[in-house]
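# Geometric and topological summary
These are the residues of each chain, in order.
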Amino acid sequence: MIEIEKKFILQSDDRVRLIAGATFLVKKIFTDVYYDTADHVLTKKDIWLRTREGKFELKFPVGIADRKRDITSYDEIEDDALIARKLDFEIVGSLGETLLSRGYYPFAAIATTRLKYEKDEFHIDIDDADFGYAVSKVELMVASEHDRLLASQRILDFVAAQGIAVENGPVIRGKVVEYIKRNNPDHFQALEKAWGIEL
Ligand code: V4E
């Protein structure tokens, strides 16, 4: 199964609408620390290396990337040895030590409070990041790559049916991209250049 997600920036009224009739699942609070080299070798390729609550995770795009329409799918590896293999090196000592010795450094630390809900087959995450940025996500699981466009449209239809007017305009920045925009303009420009879009 592949997870298709769309992000939304919602005002508080719209938050209430989005979760109307949905079942509250859980509240989670977690801290992510993102790593990259000084010349942003990973993030320029849309590859995201982080620890979440101290455990390494690597997210990378799969299938046909369509960043402009925000329907790129990502795969995730959580095993340290597999992460090292994907990044083309062997672990010496721990993954953390190896990363530092190879020039990968933390560039962002973000604490998130996440409220999770579900309604029918839609999963809803309402995230509040500690640097004053809130972003919501609606996710749908689909069987294959071919269902991506359809799933993306079904998410938009679901959100509209909840009474939310979605602008079909600007790219919605995820938490890390927003963090980079606010804290590291050089890194942000490098991403826009590498991805060929205005973020
Ligand atoms: C995939 C991605 C990044 C990695 C972090 O993913 P994100 O979904 O933003 O964070 P989070 O905390 O919700 O992760 P989860 O809990 O779902 O694992 S950072 C940027 N991207 C992709 C991306 C993109 N290509 N373009 C824009 C404008 N934003 C985000």
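Everything below is about the structure printed above this text.
Throughout what follows, the structure given in this document is the object of discussion. As the structure is a prediction and not an experimental result, all values here were calculated from the model. (Residues numbered from 1 in each chain as written. Predicted model: local features only at pLDDT ≥ 70, side-chain atom pairs only at ≥ 80, totals over all residues. Heavy atoms only, no water.)

### Section: the pattern of salt bridges
By the definition in use, this model includes 14 salt bridges. With its nearest N and O atoms 3.0 Å apart, the salt bridge here joins Arg15 to Asp128. Remark: Asp128 occurs in strand β7 (residues 122-129) and Arg15 occurs in helix α1 (residues 12-18); sequence separation between them is 113 residues. The partly exposed category is assigned to Arg15, whose relative accessible area is 22%. Relative accessible area serves as the criterion here: at 32%, Asp128 is assigned to the partly exposed category. Across the salt bridge formed by Arg173 and Glu178, the nearest N and O atoms sit 2.5 Å from each other. Bridged by salt links that share partners, the residues Arg114, Lys116, Asp125, Asp127 and Lys175 form one connected network. (Salt bridge = Lys/Arg side-chain N within 4 Å of Asp/Glu carboxyl O. Helix = DSSP H or I, 4+ residues; strand = E, 2+ residues; numbered from the N terminus. Buried < 20%, exposed > 50% of the residue type's maximum accessible area, 1.4 Å probe, protein only.)

### Side note on the packing of aromatic side chains
Here the structure, examined in full by the defined rule, presents 9 aromatic pairs. Each ring, one from Phe24 and one from Tyr117, has its centre 5.4 Å from the other, and the planes form 65 degrees; the classification is edge-to-face. Remark: Tyr117 occurs in strand β6 (residues 105-119) and Phe24 occurs in strand β2 (residues 23-36); sequence separation between them is 93 residues. Under the relative-accessibility criterion, Phe24 is labelled partly exposed at 45%. The class of Tyr117 is buried, set by a relative accessible area of 11%. Ring geometry for Tyr35 against Phe56: centres 5.5 Å apart, planes inclined by 55 degrees, an arrangement best described as tilted. (Phe/Tyr/Trp six-rings, centres within 6.5 Å; stacked < 30°, edge-to-face > 60°.)

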